[in-house]
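# An overview of the molecular structure
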Amino acid sequence: MSEPASPVPRKFDTNLVVIGAGSAGLVTAYVAAAAKAKVTLIEREKMGGDCLNTGCVPSKAIIRSAKVAAYIQRANEFGLAAGPLRVDFPQVMRRVHDVIAKVEPHDSVERYTSLGVDCVSGSARITSPWTVEVDGRTLTTRSIVIATGGRPFVPPVPGLADTGYVTSDTIWQLKALPRRLLVIGGGPIGCELAQAFARLGSEVTQVEKGPRLLSREDPAVAETLTARFSAEGIRVLTGYAAERFEQQDGEKIAVCAGADGEQRVSFDEVLVAVGRRANTDGLEIGNAGLELNQNGTIPVNEYLQTSQPHILACGDVTGPYQLTHAAGFQGWFCAMNALFGSIKRFKVDYSVMPWAVFTDPEIGHVGMTAADAEAQGIPYEITEYGIDDLDRAIADSEAHGFVKIVTKKGSDRILGATVVGHHAAELVTEYVTAMKYGMGLRKILNTIHIYPTLAEANRYAAGNWQKARISPLALKIAARFHRWRRG
Ligand SMILES: Cc1cc2nc3c(=O)[nH]c(=O)nc-3n(C[C@H](O)[C@H](O)[C@H](O)COP(=O)(O)OP(=O)(O)OC[C@H]3O[C@@H](n4cnc5c(N)ncnc54)[C@H](O)[C@@H]3O)c2cc1C
């Protein structure tokens, strides 16, 4: 792509302009300021972006309330008597907003100003490869990092706009618990919120047009989760797409089409959670000679540079992961490559990217699934351990789920791991560390794990890997040896 004719300024107001103060932009600005650069961080809405205000933080807060509700309903199982569950939804939502308020100072203008970042409130527009305009003020800058995130995608389904809907942006403003909630989308956001609202008392139907929930995960994950959702009263319609929305006698209806015909689902509120789109509206990246990918994200190379090497992008606006820790991880590379790229560039490496889905059971994952290994033609082996057998899980009445590890064929090298169960997101961290530092299953097996913990599941899984590899001949020889020793 040719650079638009735009003279390079002889002097710059700042070393780095970061557009967007979400997870990606905040880390970029933090690292740049720590490296003693002059950095300007521009945010048009709220500091903290999606994660703090409408994403991870509120969702994890409501999931917590929902989990407590689920425990109250299971009180008898623990030998406790509790009255019938009464949910004070406005109070649940007040707590969600209190949690946001408590985390807010971590991402605040005050904190970032104290770190040496120049925080500017306003909507940024790129006016040339070297200039950014915010509310009529133009800044010349040596580098730009675009970290403008994403927003929920709302598909143009007939009738949806008239019926009204909420997204992950707006659901936090609900004043009353919907009696019947329809969730469109079977990805992580749809699953987490479907279960949370069901546990708080909504009658939930979840519609997913693909053949299973959580299509990125191992199929056993979807199987386990769908079984749990059904047991908790969530109606899961996989293989159905919402085709149109109707209103009849004051009743809202979604007409969903699948292989077995149509399903008409009546509802009071619908959550649309079918994916997210990059935020580039109003940014005018064309002024810097940049173009978008077909899916609306900003294309970058392995150094997170766009086609203009001094303009970089990170977080949801570029992908490939839509995760807070992925955005933060990229932020470091963006800051370093923006500031020092002319001397040394740092290549981003996603080979050990973990994630979690905070449903119950929780899902923690890192690396490849069996399907990934197969698609890449990598010979692999699978080792599994059932958490139903684990002492601590039994003591906690959480004896369910599994550990599934993908190893390179003929080796203990971990290619990927999936944990499903209580605190799975914490458990998977052991595999993240192992993969990052090249430790195989033998090292996990030879590491002392505290008894009784859920983390022992990882050691037992490694034990299963080892057991399957003990040679029958060696066992035969050992048995003979002991017989001989007995005389
Ligand atoms: C319901 C939900 C739950 C989630 N849960 C998790 C989770 O548990 N774990 C996890 O890892 N991830 C989770 N995510 C994903 C996570 O929130 C995102 O991946 C992360 O916030 C992306 O950060 P970002 O900095 O790229 O974008 P954002 O956080 O969206 O920040 C971009 C910022 O740029 C600003 N901006 C945009 N355009 C301009 C402009 N022109 N000028 C100035 N400012 C601009 C926006 O206002 C915004 O504040 C969740 C998301 C949702 C919706």
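Quick look at the structure, then. (Residues numbered from 1 in each chain as written. Predicted model: local features only at pLDDT ≥ 70, side-chain atom pairs only at ≥ 80, totals over all residues. Heavy atoms only, no water.)

### Here's the deal with the packing of helix α7 (residues 188-200) against helix α8 (residues 219-231)
The N-to-C vectors of α7 and α8 enclose an angle of 20°; their axes lie 11 Å apart at closest approach. What the angle tells us is that α7 and α8 run roughly parallel. Classified by chirality, the crossing of α8 by α7 is left-handed. Contacts between α7 and α8 involve Cys-191, Gln-195 and Arg-199 from the first element and Leu-225, Arg-228 and Phe-229 from the second. A class-by-class count of the residues in the contact of α7 with α8 yields three nonpolar, one polar and two charged. (Axes fitted to C-alpha atoms, helices over the stretch in contact; angles between N-to-C directions. Helix = DSSP H or I, 4+ residues; strand = E, 2+ residues; numbered from the N terminus. Parallel < 35°, antiparallel > 145°, perpendicular 65-115°, else oblique. Left-handed = near helix turned anticlockwise from the far one by under 90°. Contact = heavy atoms within 4.5 Å. Nonpolar A, V, L, I, M, F, W, Y, C, P; charged D, E, K, R; others polar.)

### Details of the nonpolar core
Of all hydrophobic cores here, the largest spans 39 residues; its most connected members are Ile-62, Ile-171, Phe-197, Val-204, Leu-214 and Leu-271. Taken together, the elements giving at least two residues each to this core come down to α3 (56-73), α4 (89-103), β8 (180-184), α7 and α8. The element best represented in this core is α7, accounting for seven residues. Setting aside its immediate chain neighbours within four residues, Ile-62 contacts Val-92, Met-93, Val-96, Trp-172, Leu-193, Ala-196, Phe-197 and Leu-200. Judged by nonpolar contacts, the second largest core, of 29 residues, contains Leu-41, Leu-304, Cys-334 and Val-348. (Core = buried A, V, L, I, M, F, W, Y, C linked by side-chain atoms within 4.5 Å. Buried < 20%, exposed > 50% of the residue type's maximum accessible area, 1.4 Å probe, protein only.)

### Looking at the sheet that holds strand β17 (residues 354-357)
One open sheet holds the five strands; their spatial order is β17-β18-β21-β20-β19, and the pairing between them is antiparallel. The outermost strands of the open sheet, each flanked by one partner alone, are β17 and β19 (380-386). Put simply, the sheet's adjacent strands are angled 10° from each other on average, direction ignored. For strand β20 (residues 402-408) and strand β21 (residues 414-421), the ladder comprises six bridges, and the chain directions are antiparallel. Opposite Lys-404, over in β21, you have Thr-418 as the bridge partner. The strands touched by helix α13 (residues 429-436) within the sheet are β17, β18 (362-367), β20 and β21, with β21 carrying the most contacts at an inclination of about 175°. (Pairing = 2+ DSSP bridges.)

### As for α3
Taking 1.5 Å of rise per residue, 18 residues should cover 26 Å, and α3 covers 26 Å from first to last C-alpha, within 8% of that figure. Along α3, the residues that are buried comprise Val-57, Pro-58, Ser-59, Ala-61, Ile-62, Ile-63, Ser-65, Ala-66, Lys-67, Ala-69 and Ala-70. Contacts made by the buried residues of α3 are with α2 (49-53), α4 and α7. (Expected span 1.5 Å × (residues − 1).)

### Overview of the site of the ligand
The environment of the ligand is made up of 38 residues, and the closest members are Glu-43, Asp-50, Lys-60, Asp-316 and Thr-324. At 3.4 Å from an oxygen atom of the ligand is found a main-chain nitrogen or oxygen belonging to Gln-322. The backbone of Leu-323 places a nitrogen or oxygen atom 3.1 Å from an oxygen atom of the ligand. Coverage of the ligand by the protein amounts to 94% of the 1000 Å² it exposes when considered alone. Only α1 (23-34), β2 (39-43), α2, α3 and α9 (324-340) provide two or more residues apiece to the shell around the ligand. Looking at the shell around the ligand residue by residue, the classes come out as 13 nonpolar, 17 polar and eight charged. (Near = heavy atom within 4 Å. Polar contact = N/O pair within 3.5 Å; in protein donor to acceptor, adjacent residues only side chain to side chain. Areas by Shrake-Rupley, 256 points an atom, 1.4 Å probe, with all protein chains shown as cover.)

### Side note on the pattern of salt bridges
For the coordinates displayed, the defined rule picks out 23 salt bridges. With its nearest N and O atoms 3.0 Å apart, the salt bridge here joins Arg-276 to Asp-50. Of the two residues, Arg-276 sits in strand β15 (residues 276-278) while Asp-50 sits in helix α2, which places them 226 residues apart along the sequence. Judged by its relative accessible area of 26%, Asp-50 is partly exposed. The shortest N-O distance in the salt bridge between Asp-360 and Arg-199 comes to 2.9 Å. In this pair, Asp-360 is assigned in the loop between β17 and β18 and Arg-199 in helix α7, connecting sequence segments 161 residues apart. The class of Asp-360 is buried, set by a relative accessible area of 6%. (Salt bridge = Lys/Arg side-chain N within 4 Å of Asp/Glu carboxyl O.)

### Remarks on the packing of aromatic side chains
Going through the model one piece at a time under the given rule, you end up with 12 aromatic pairs. Members of the aromatic cluster, connected to one another through ring pairs, are Tyr-321, Phe-329, Trp-332, Phe-333, Phe-346, Tyr-350 and Trp-355. When the ring centre of Phe-153 is taken as origin, the NZ or CZ atom of Arg-277, which lies over that ring, is 4.1 Å away. (Phe/Tyr/Trp six-rings, centres within 6.5 Å; stacked < 30°, edge-to-face > 60°. Lys NZ or Arg CZ within 6 Å of the ring centre and 35° of its normal.)

### Considerations on the packing of α3 against α7
Relative orientation of the contacting elements α3 and α7 amounts to 40°, with a least axis distance of 8 Å. One element, α3, and the other, α7, form an angle in the oblique class. With respect to the hand of their crossing, α3 and α7 are arranged in left-handed fashion. In this structure, α3 uses Ser-59, Lys-60, Ile-62, Ile-63, Ser-65, Ala-66, Lys-67, Ala-69 and Ala-70 to contact α7, whose residues at the interface are Glu-192, Leu-193, Ala-196, Phe-197, Arg-199 and Leu-200. Taken together, the residues of the contact of α3 with α7 sort by class into nine nonpolar, two polar and four charged.

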